[in-house]
Amino acid sequence: MRKKNNKTSSKNTFKPKSGNDNSKKNDLKGNEFTLKKFFASFKDQRLRKIFGLLLVIIAFYLFLSFSSYLVNWKTDDSLINDRTFNIELLGDTQIKAQNLMGRLGAITAHLFIKKWFGVSSFLFTLMFFVVGFKLMTRISVLPIWKTLRYSFFSMIWLSIALGFVFTRGEGLLLGGTFGYQSNIWLNGILGKVGTGFIILFALASFLIVVFNINTYHYRKLMDLFRGKDKGKAIEDSGIQTDENTEDESYPDVIDDYNKSDSDEDDEFDSETAIMERIRERENQGGENDPFFEYNVGENGTSKENDDNSQEENNPDLEIEIADDSKISNSNYQAIDDPSAEKTAEEKLAELGDYDPTLDLPKYQLPPVDLLDDYGASTIRVDKEELEANKKRILDTLRNYSIQIDKIKATIGPTVTLYEIVPAAGVRISKIRNLEDDIALSLSALGIRIIAPIPGRGTIGIEVPNSKPEIVSMKSILSGEKFRSSTFELPIGLGKTIANETYIADLTKMPHLLMAGATGQGKSVGLNAILASILYKKHPAYVKFVLVDPKKVELNLFSKIERHYLAKLPDSEEAIITDTRKVVRTLNSLCLEMDHRYNLLKDAQVRNIKEYNSKFISRRLNPEEGHKFMPYIILVIDEFADLIMTAGKELELPIARLAQLARAVGIHLIIATQRPSVNIITGMIKANFPARVAFRVTSKIDSRTILDTGGADQLIGRGDMLLSTGSDLLRLQCAFIDTPEIEKITEFIGSQRAYPDAFMLPEYADEESSDMEDFDPSERDELFEDAARVIVATQQGSTSLLQRKLKLGYNRAGRIIDQLEAAGIVGPFEGSKAREVKIKDEMTLEQILRSNH
């Protein structure tokens, strides 16, 4: 037995993943960490400003040295040409440079202009200045990446072009050695003419990419060459010019369109609105303007019917006036004409894909710098703690005659997972029953045993760390896994036990149920989910419907109302806090869901992704009601409070949305404190396969939300279990504080927004529709008598009218509804009597007389 024990103990080697086994990997990644530290140092605003100032000074220094070199290049070159370039050359007092910036300026200019790119080296000053000014002031003089790309291309192209045009002496100064040598190489391969064609081709390609040159610009250029001959030809043919058309027919429409197209910061005037104005003007004109002819494309822009017609001011809005002496009213070409549709489809092919972000083209996603760092990005390993826990676990198991072949540890931010491989013949249930004994020996809260771990063939014992690390939201959103994610709606929930970032796709969940006791991290989890989507998606692609009965948790997001939020048309605030408005909003979402399904049916697609893809490729006509559909995310906090006040009235639309809304891009996120059976009913649970459980107080609550235990053994402060059906994953939720949410919403709210929030369909509930049915002229004969009885007794009761006026229930109920419409009694309040709003009979008589 002793030999066997010794043999067994010799196998109990402890192998933590973050220990010596990874030392070689850490050495290999040393250079990578050094580079990351270098870029991380620029998070300090002072260092960033200093570096930006240095770049601006370098830009001015290069500009002055280059400019001076162009004047004194012959004198300075005679002193520099025969010497070797090194540090000693700068200290050579025999060189008396004429350059304004001294010997260093002369040598620098000689290198950049003579040895490298010629006069195009001046673009280096532009690049240094733009980058430096951005770092120093956070103000972009020009778009940085575009400036760098275009400047590098222009510098290389100009160097080669100048070297092609000018001779050796001038070419070395204007095009530099790079341009001169490049021309020698190209001439040897393609010849002089071929090199010229390559240079012109590169220039044309650059202009097409940058300025999107098309046939319109070509026609404008041809018009300049034709000049007066064109005007004379048009005059002889009897056709009015477009100039007169603009002045006499539709000047305000075209002016508004040009204004909105030229100034992106003005109130936007969409193309669809312009087409509506044209139709209104056409209808007003009647027979006075019967020959106005146009075709409407899918995006609502006006398209020409004749390829030979001339365009004047705007290529997107083309108006064609025919001569009334040659065309009669019968020749009017309607939109429904097959030939017109064919022409429109051909024109749409030239437009390219539809871009949903064009309404907010300059919108910028929030930078990661708005978030704060909490703790270190790497986990600190306490080997003494690991060895002590390992010894206690092994001793506890030995006390119950359980032999272990192998044990290793995986260290996470808040929990360490000890994986053990039991000896042959040991029952798993025997280890699972020792959960409390192991917790006692480790003196730790939240011990959780996973027996076995799925897919590994080991038994896991989760032990909380004595010094847990905070997982910052910044570390999640700045990580490569989130930035390179291709999910439709990516959400960064936190980090796993193995310290790996966990990113989920909300569209695959497709709905999420969150539960946990007070103060365990539900609100932080909601903020983390919302922040993840705000950092990834443009406002054109996603909208939020926020329900906050507590009125303070989601109120910070009111600043982004016109960017990301959706609301009812008659609602003043986008964040819903009133229970009655919640019911109306949910029913409105059901109407939106039904409408979207009708659009999917007409488009012959199965889900929102296929529909939007078809719409973007312009295969769906907006004139037939089709439109780009953003994702809609319904977020409900404190669901238990809503169920207590609204009950079935709220549960039915939620169950309907959970069952059907996934395919049309409507997703639900529901959070509650009380995961009891009467709050989270079977109908709701059946349609929420993805569930997040923070710490709860009892195993019953854990089974209610997860259908299994474990949530009662969590340690709190963001420690959570994620159930996605069959798998159960333990995560440490990412922490994002209220000031960070404020900075994010302020950054988004300060940018140009839509005119209003996204409008949901208007929903008229039964009460409001009943009130609209009442006509004062159709009031009951006993209406005034009933009003006097109600005011005298101060009881708004149907049974009271039945007794006092000897009426049946239906007639008494009808009179009560009429009294409510007249403002004499309040709305129905369940078993309570209605509130009487009129307190004295004198005021009542004045109201009754005024209604006669």
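Residues numbered from 1 in each chain as written. Predicted model: local features only at pLDDT ≥ 70, side-chain atom pairs only at ≥ 80, totals over all residues. Heavy atoms only, no water.

1. Points about the overall build of the chain
Helix and strand content of the chain: 35 helices and 20 strands. Within the chain, contacts between residues at least 6 apart in sequence are counted, and of these 68% link residues at least 24 apart. Per element, the accessible surface of the chain, about 45800 Å² overall, is 53% carbon and sulfur. (Helix = DSSP H or I, 4+ residues; strand = E, 2+ residues; numbered from the N terminus. Contact = heavy atoms within 4.5 Å. Areas by Shrake-Rupley, 256 points an atom, 1.4 Å probe, with all protein chains shown as cover.)

2. A look at a nonpolar patch on the surface
Together, Trp185, Ile189, Leu190 and Ile198 give the surface a local cluster of nonpolar side chains, amounting to about 440 Å² of exposed area. Tracing the sequence through the fold places Trp185 in helix H10 (residues 176-211). (Patch = residues over 30% accessible without salt bridge, like charges linked within 9 Å, V, L, I, M, F, W, Y side chains within 5 Å. Salt bridge = Lys/Arg side-chain N within 4 Å of Asp/Glu carboxyl O.)

3. Some words on the pattern of salt bridges
Considering all chains together, one arrives at 24 salt bridges under this definition. Across the salt bridge formed by Arg398 and Asp395, the nearest N and O atoms sit 3.2 Å from each other. Taken as a pair, Arg398 and Asp395 lie in helix H17 (residues 383-399) at a separation of three residues, close to a single helical turn. Overall, Arg398 belongs to the partly exposed group, its relative accessible area being 37%. (Buried < 20%, exposed > 50% of the residue type's maximum accessible area, 1.4 Å probe, protein only.)

4. Quick word on the nonpolar core
Phe544 and Leu650 are the most contacted members of the largest nonpolar core, which totals 100 residues. If one sorts the elements of this core by residue count, helix H24 (residues 579-603) sits on top with nine residues. Setting aside residues no more than four positions away along its own chain, Leu650 makes contact with Val582, Val583, Leu586, Phe639, Leu642 and Ile643. By size, the runner-up hydrophobic cluster in this structure holds 22 residues, among which are Leu397, Ile404, Ile407 and Ala451. (Core = buried A, V, L, I, M, F, W, Y, C linked by side-chain atoms within 4.5 Å.)

5. Observations concerning the packing of H24 against helix H25 (residues 608-616)
Running from N to C, H24 and H25 cross one another at 60°; their axes reach a closest spacing of 10 Å. By the criterion of interaxial angle, the relationship of H24 to H25 is oblique. The handedness of the crossing between H24 and H25 comes out as left-handed. Of the residues in H25, those in contact with Arg596, Leu599, Leu600 and Ala603 of H24 are Ile608, Tyr611 and Lys614. Across the contact of H24 with H25, the residue classes tally to five nonpolar, no polar and two charged. (Axes fitted to C-alpha atoms, helices over the stretch in contact; angles between N-to-C directions. Parallel < 35°, antiparallel > 145°, perpendicular 65-115°, else oblique. Left-handed = near helix turned anticlockwise from the far one by under 90°. Nonpolar A, V, L, I, M, F, W, Y, C, P; charged D, E, K, R; others polar.)

6. Here's the deal with helix H27 (residues 648-660)
Relative to the 18 Å expected for 13 residues at 1.5 Å per residue, H27 spans 18 Å between its end C-alpha atoms, a close match to the ideal helical length. If you check which residues of H27 are buried, you get Leu650, Glu651, Pro653, Ile654, Ala655, Leu657 and Ala658. The secondary structure elements touched by the buried residues of H27 are H24, strand E15 (631-636), helix H26 (639-646), strand E16 (666-672) and helix H28 (682-685). (Expected span 1.5 Å × (residues − 1).)

7. Let's talk about the sheet that holds strand E18 (residues 719-724)
Spatially, nine strands are ordered E11-E10-E19-E18-E17-E12-E16-E15-E13 in an open sheet, and the strand pairing comes out mixed. Single-partner strands in this sheet number two, and they are strand E11 (501-505) and strand E13 (542-547). If you compare each strand with its neighbour and ignore which way they point, the axes differ by 30° on average. Taken together, the four bridges between strand E12 (residues 512-515) and strand E17 (residues 690-693) define a ladder with parallel strand orientation. The residue bridging Ala515 from the neighbouring strand is Ala693, located in E17. (Pairing = 2+ DSSP bridges.)

8. Quick word on the side chain of Asn99
Locating Asn99 in the fold gives a position in the loop between helix H5 (87-90) and helix H6 (102-117). By relative accessible area, Asn99 is classed as buried at 5%. In this structure the side chain of Asn99 is engaged in a polar contact, spanning 3.1 Å, whose partner is the backbone oxygen of Ser65. At 2.9 Å, the side chain of Asn99 forms a polar contact with the backbone nitrogen of Met101. (Polar contact = N/O pair within 3.5 Å; in protein donor to acceptor, adjacent residues only side chain to side chain.)

9. With respect to the packing of H24 against H26
The interhelical angle for the contact between H24 and H26, taken along N-to-C directions, is 95°, at an axis separation of 10 Å. Taken together, the axes of H24 and H26 are roughly perpendicular relative to one another. Residues Thr579, Val582 and Val583 of H24 form the contact with H26, whose own contacting residues are Leu642, Thr645 and Ala646.

10. Describing the confidence of the model for the chain
For the chain, per-residue confidence averages 76 on the pLDDT scale, and residues scoring 70 or more make up 72% of the total. Low confidence marks residues 1-33, where pLDDT is under 50. Its contacts with residues over four positions away, or in another chain, come to 31 contacts. Every residue in residues 767-773 scores below 50 in pLDDT, and together they form three contacts with partners more than four places removed in sequence or on other chains. (pLDDT = per-residue confidence, 0-100.)

11. What to know about the packing of aromatic side chains
With the rule as written, the count across this model stands at 15 aromatic pairs. A ring pair is formed by Phe63 and Phe122, whose centres lie 5.9 Å apart and whose planes are at 75°; its orientation type is edge-to-face. Within this pair, whereas Phe63 is found in helix H4 (residues 45-80), its partner Phe122 is found in helix H7 (residues 122-137), the two being separated by 59 residues in sequence. Ring geometry for Phe66 against Phe122: centres 5.5 Å apart, planes inclined by 80°, an arrangement best described as edge-to-face. You can see Phe66 sitting in helix H4 and its partner Phe122 sitting in helix H7, a full 56 residues away along the chain. Of the residues examined, Phe66 reaches a relative accessible area of 0% and is grouped as buried. Taken together through their ring pairs, the aromatic side chains of Phe63, Phe66, Phe112, Trp116, Phe117, Phe122, Phe124 and Phe178 make up a single cluster. (Phe/Tyr/Trp six-rings, centres within 6.5 Å; stacked < 30°, edge-to-face > 60°.)

12. Describing the environment of Leu728
Tracing the backbone shows Leu728 in strand E19 (residues 728-733). Exposure remark for Leu728: the relative accessible area of 30% places this residue in the partly exposed category. On a C-alpha basis, the gap between Leu728 and Pro454 in space is 9.7 Å, while along the polypeptide they are 274 residues apart. The residues touching Leu728, leaving out its near neighbours within four places in the chain, are Arg448, Leu706, Thr708, Gly709, Leu721, Leu722 and Ser723.

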